[in-house]
Amino acid sequence: MQSDFLILGGGIAGLSAAAKLAHVGSLTLLEAEDHLAYHASARSAALYEPRYGNPAVVALSEASGDFYHGSGLLTPRGFMIVDGPEHGARFRAQLKGFALDELTIGEARALCPILNPETVAFAGHAAHAWDIDTDALVQRAARAARAAGAVIRTKARATRISRTATGWEVEAGGEVFTTKLLINAAGAWVDEVAKLAGVAPLGFTPLRRSMARIPAPAGQDVRAWPMVIGGAEDWYMKPDAGALIVSPAEEDPMPPHDAFADDMVLAEGLARYEAAVTEPVTRLLASWAGLRTFSPDRAPVIGFDPRDPGFFWLAGQGGYGFQSAPAAADLVADLIAGRAPVPERAILSALDPARFG
């Protein structure tokens, strides 16, 4: 099967890019797993908070705002950071960095009644955070790509990638695909894909993040509560389908694999959460983990490989893939189509694979 572009990876990054690139030329997308968005994209906290992340992430997230606010995919959530009495300086930095309004503890408890006034001394809140209907976004991107002529295959893990005179030959899922441009959107496997293609890896690190779903504390209605993050960013809590998801927010390096939660890490994170609230955790409804993959400088990598312009990186979204995907997809399409990209030169440089030498 011949196409102008071949994307390896059917997470939100690859699918969003496919929906845009399919209008530029013929396109094939290959996903290794049985269904799309199986790994990190299916295990996201699903929050659009455009001020969360480093400058490159924030630039992409803010540029995605026009799409999101007209999409019908957002519902109000809100965002709160809390901290203990000995961490006033840290709290002030977080207050400024996230553009939060400082609250009294009484005001904070009005938004999240289980906060413990004996251990929480500082709280800041902003309304500029929304839940994303991630499943609807994934399906919308896949439909848009197919409607524009893209071919999408699941159960198609690349087992051989070879250079040809006109591009690439990829063997996957018992088929052979040829393409002019190979786009590496393989999530935690991006360096493995690069090595398979004979391209120098850039040093990406998959980091595990565990999650637990717990019952609503004391049977309370949690639907309107904000997402709450500890001041050290070593735990967070978010309402989810009438329950709460709580994460220890760990970043443990892992090889690429189908991640699962570490019970001890979960227990430590739940203990940090319990120290900030009045209600104990009595049981878990479920637990899981995902891999958030970062480049060496923790900014995404979007662009042509400096040594092989037939190889394009779309990688290192970390935990910000959903909130940055619309603008990242626009950038991919602009770069590949030879159009002038919208982001400022400094942001383009911060995303360019060439920054790693």
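Reading guide: rules and limits
- Residues numbered from 1 in each chain as written.
- Predicted model: local features only at pLDDT ≥ 70, side-chain atom pairs only at ≥ 80, totals over all residues.
- Heavy atoms only, no water.
- Buried < 20%, exposed > 50% of the residue type's maximum accessible area, 1.4 Å probe, protein only.
- Helix = DSSP H or I, 4+ residues; strand = E, 2+ residues; numbered from the N terminus.
- Axes fitted to C-alpha atoms, helices over the stretch in contact; angles between N-to-C directions.
- Parallel < 35°, antiparallel > 145°, perpendicular 65-115°, else oblique.
- Left-handed = near helix turned anticlockwise from the far one by under 90°.
- Contact = heavy atoms within 4.5 Å.
- Nonpolar A, V, L, I, M, F, W, Y, C, P; charged D, E, K, R; others polar.
- 1 Å grid on protein atoms, 1.4 Å probe; cavity = no way out; pocket = protein on both sides within 12 Å on 5 of 7 lines; lining within 4 Å.
- Points joined across faces, edges and corners; volume = space filled by probe spheres on them.
- Pairing = 2+ DSSP bridges.
- Core = buried A, V, L, I, M, F, W, Y, C linked by side-chain atoms within 4.5 Å.
- Phe/Tyr/Trp six-rings, centres within 6.5 Å; stacked < 30°, edge-to-face > 60°.
- Lys NZ or Arg CZ within 6 Å of the ring centre and 35° of its normal.

### A closer look at helix α1 (residues 12–21)
At step 1: Counting buried positions along α1 gives nine out of 10 residues, so the element sits mostly inside the fold.
At step 2: When α1 is considered as a whole, its buried residues turn out to be Ile12, Ala13, Gly14, Leu15, Ser16, Ala17, Ala18, Ala19 and Leu21.

### What about the packing of α1 against helix α9 (residues 321–337)?
At step 1: Contact pair α1 / α9: the axes reach a minimum separation of 8 Å and the direction vectors enclose 40°. Classified by the interaxial angle, the pair formed by α1 and α9 is oblique. Considering how the two elements wind past one another, α1 and α9 form a crossing that is right-handed. Counting all contacts with α1, which are made through Ile12, Ser16, Ala17, Lys20 and Leu21, the residues of α9 involved are Gly321, Phe322, Ala325, Ala329, Asp330, Val332, Ala333 and Ile336.
At step 2: Along the lines of polarity and charge, the residues of the contact of α1 with α9 split into nine nonpolar, two polar and two charged.

### Comments concerning empty space enclosed by the protein
At step 1: Within the structure shown, the criterion is met by one cavity of 30 Å³ or more.
At step 2: Size it by volume and the largest cavity reaches roughly 50 Å³.
At step 3: Forming the walls of the largest cavity are Ile12, Ala13, Ser16, Leu314, Gln317, Gly321, Ser324, Ala325, Ala328 and Ala329.
At step 4: Counting residues per element, the ones that place at least two in the lining of the largest cavity are α1 and α9.
At step 5: Of the residues in the lining of the largest cavity, the class split is six nonpolar, four polar and no charged.

### Observations regarding the sheet that holds strand β4 (residues 74–76)
Working definition: the strands of a sheet are paired by backbone hydrogen bonds and lie parallel or antiparallel to each other.
At step 1: Read from one edge to the other, the open sheet built from three strands follows the order β3-β8-β4, with strand pairing classed as antiparallel. A strand with exactly one partner marks an edge of an open sheet, and here the two such strands are β3 (47–48) and β4.
At step 2: Of the strand pairs in this sheet, β4 and strand β8 (residues 130–132) are connected by three bridges, and their pairing is antiparallel. Its bridge partner being in β8, Leu74 is matched across the sheet by Ile132.

### Remarks on the nonpolar core
At step 1: Ile183 and Ile302 are the most contacted members of the largest nonpolar core, which totals 45 residues.
At step 2: With residues up to four places along the chain from it excluded, the contact list for Ile183 reads Phe5, Leu6, Ile7, Leu8, Leu21, Phe312, Leu314 and Ile336.
At step 3: Judged by nonpolar contacts, the second largest core, of 23 residues, contains Leu6, Val199, Leu202 and Ala315.

### A word on the packing of helix α2 (residues 55–63) against α9
At step 1: Running from N to C, α2 and α9 cross one another at 75°; their axes reach a closest spacing of 7 Å. Relative to α9, the element α2 lies roughly perpendicular. Packed against α2, whose contacting residues are Val57, Leu60, Ser61 and Ala63, the element α9 presents Gln323, Ser324, Ala327 and Ala328 at the interface.
At step 2: In terms of residue class, the contact of α2 with α9 is made up of five nonpolar, three polar and no charged.

### Here's the deal with the packing of aromatic side chains
At step 1: Across all of its chains, the model carries 13 aromatic pairs by this definition.
At step 2: Aromatic pair Phe91 and Phe122: ring centres 5.2 Å apart, planes at 20°, arrangement stacked. With a gap of 31 residues between them, Phe91 in helix α4 (residues 88–97) and Phe122 in strand β7 (residues 122–126) connect regions that are remote in the sequence.
At step 3: Accessibility expressed as a relative area gives 17% for Phe122, which makes it buried.
At step 4: Aromatic ring contacts, followed pair by pair, group Tyr48, Phe67, Tyr68 and Trp130 into a single cluster.
At step 5: Lying over the aromatic face of Trp168, Arg163 brings its terminal NZ or CZ to 4.2 Å of the ring centre.
At step 6: The cationic tip of Arg298 hangs over the ring face of Phe294; the distance from NZ or CZ to the ring centre is 3.9 Å.

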